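Residue strings, one per chain:
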Amino acid sequence: MFLSAFFFSLMNIFVRYTAEIPIFQQLISRNLIITITMFIALALEKNLKNLKVEDGKMPLFLRCTFGFLGMITNFYAVNHMAIADVSAITKMSPFFVMVFAALILKEKLRGYSIFALILSISGMFIVIRPNLVNNPGPAMIAVISAIGASLAYTMLGVLKNKVRSEVIIFYFGLYSTLGCIPFIVGNFQVPDLKEALLLIMIGVTAGLGQLFVTLAYKYAPASEVSIYNFSAIPIGIILGLICFGEKVDFLSLIGMAMIIGAGYYNYKMAKKVQEAET
């Protein structure tokens, strides 16, 4: 999950560098590369037969739908907010995963997880407080991105042991690519060489991030593996400062620390309860 967080953070940097390119063109660059790569990988392994999904069609469709929503809103937020703020808000998704995992996967939502959820939401509002006053739209869209991503991740738990990770990634990329086409027709902007290379890097880093997050949620409980996703917050702070000179104020750092602390607390308590029950 740490590798997933790292590559998705890099993806956000490349998205910001290509902010002049229409958002759905950025998105199709991301997803088309993933789709082609996964198809070639399956073909080389002679596993194209696995593209025929027998069990888990609806969860797969929902994973693609919620993931597409989360991706659109994330790209918009990255283009209109500080990288560190977007990282902090979207990393609320693990807490929303706990809620959806309880509702959909029937994983038990314990008291300490509820406390962690409240603490993280408090931290989130501290982080987005300037945006709520000056420019609330992007901040709210970033929250929607976190919710969409959490629902998509929860669907990965439903698909565990039903559909191969490569197949999930392929269909997500295909779904998102086709979903972008209607918005690109008549609005395509020809990129120069630098922009073209940056668009390719969006696809490369997103593909790697998608692979590692799918593997993580496929082979571990959805409510536990997400702890490592919080590493994206300090990564976002560092990359935002290095690449764009974005500085994080003290209160925002406190809010981010609350989110990370809530995630760590929930993780440690879950481990303690698991050890006590075995």
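Here we summarise the structure given alongside this text.

Thresholds applied
For every chain, the first residue of the written sequence is number 1, and numbering continues from 1 along that sequence. Local features in a predicted model are, by the rule used here, given only for residues with pLDDT of at least 70; side-chain atom pairs are given and counted only at 80 or more, and totals for whole chains, interfaces and linings are based on all residues. Side-chain descriptors were evaluated using all non-hydrogen atoms of the structure, hydrogens and water having been removed beforehand. Starting at the N terminus, helices and strands are each numbered in turn, a helix being any DSSP run of H or I of at least four residues and a strand any DSSP run of E of at least two. Take the residue count of a helix, subtract one, and multiply by 1.5 Å to get its expected span. When accessible area is computed with a 1.4 Å probe and restricted to protein chains, residues below 20% of their type maximum are described as buried, those above 50% as exposed, and intermediate ones as partly exposed. Read the arc as the range of directions from the helix axis to the C-beta atoms. We call two residues in contact whenever any of their non-hydrogen atoms come within 4.5 Å of each other. Only rings of Phe, Tyr and Trp enter the pairing, Trp through its six-membered ring, and a pair is recorded when the two centres are within 6.5 Å. The plane angle decides the type: under 30 degrees is stacked, over 60 is edge-to-face, the rest tilted. Criterion for a charge above a ring: Lys NZ or Arg CZ within 6 Å of the ring centre, and within 35 degrees of the ring normal. Definition of a polar contact: a pair of N or O atoms within 3.5 Å, with one able to donate and the other able to accept a hydrogen when the atoms are protein atoms, and with sequence-neighbouring residues admitted only if both atoms are side-chain atoms. Each axis is a line fitted through C-alpha atoms, taken for helices only over the stretch in contact, and angles between the N-to-C directions span 0 to 180 degrees. Oblique is the label for every angle not falling under 35 degrees (roughly parallel), over 145 degrees (roughly antiparallel), or within 65 to 115 degrees (roughly perpendicular). Here a crossing is called left-handed whenever its near helix is offset anticlockwise from the far helix by less than a right angle, and right-handed whenever the offset is clockwise. Charged residues are taken to be Asp, Glu, Lys and Arg, nonpolar residues to be Ala, Val, Leu, Ile, Met, Phe, Trp, Tyr, Cys and Pro, and polar residues to be all remaining types, Gly included.

1. Here we look at helix α11 (residues 232-244)
And step 1. Between the first and last C-alpha of α11 there are 17 Å, a value that for 13 residues agrees with the 18 Å anticipated at 1.5 Å per step.
And step 2. Listed in full, the buried residues belonging to α11 are A232, I233, I235, G236, L239 and G240. Down the axis of α11, the buried side of the element spans an arc of 150°, and every buried residue falls inside it.
And step 3. Tucked into the core, α11 has its buried residues touching α1 (2-17), α4 (83-90) and α12 (250-277).
And step 4. Backbone geometry just after α11 places G245 at a positive phi near 65°.

2. A word on the packing of aromatic side chains
And step 1. Considering all chains together, one arrives at 10 aromatic pairs under this definition.
And step 2. Between Y17 and F244, the ring centres sit 5.0 Å apart and the planes meet at 50°, which makes this aromatic pair tilted. Of this pair, Y17 sits in helix α1 while F244 sits in helix α11, and the two are 227 residues apart along the sequence.
And step 3. For Y17, a relative accessible area of 41% gives the class partly exposed.
And step 4. For F244, a relative accessible area of 26% corresponds to the partly exposed category.
And step 5. Here the aromatic rings of F170 and Y171 are separated by 5.3 Å at their centres, their planes lie at 70°, and the arrangement is edge-to-face.
And step 6. What makes F170 buried here is its relative accessible area of 8%.
And step 7. Judged by relative accessible area, which is 24%, Y171 ranks as partly exposed.
And step 8. By the ring-pair criterion, three or more aromatic residues cluster together here, those being F6, F7 and F212.
And step 9. Its end group placed over the ring of F244, R16 keeps NZ or CZ at 4.9 Å from the ring centre.

3. So, the side chain of Q26
And step 1. Looking at the secondary structure, you find Q26 in helix α2 (residues 23-44).
And step 2. Side-chain polar atoms of Q26 contact the backbone oxygen of T18, separated by 2.8 Å.
And step 3. Contact partners of Q26, with chain neighbours within four places excluded, come to V15, T18, A19, I21, F75, N79, L199 and I202.

4. Some details on the packing of α1 against α11
And step 1. Viewed as axis vectors pointing N to C, α1 and α11 meet at an angle of 30°, and their least axial separation amounts to 10 Å. When the axis of α1 is compared with that of α11, the two are roughly parallel. At the point where α1 passes α11, the crossing takes the right-handed sense. Mapping the contact onto sequence places F2, A5, F6, S9, L10, I13, R16 and Y17 in α1 and A232, I235, L239, C243 and F244 in α11.
And step 2. Considered class by class, the residues forming the contact of α1 with α11 number 11 nonpolar, one polar and one charged.

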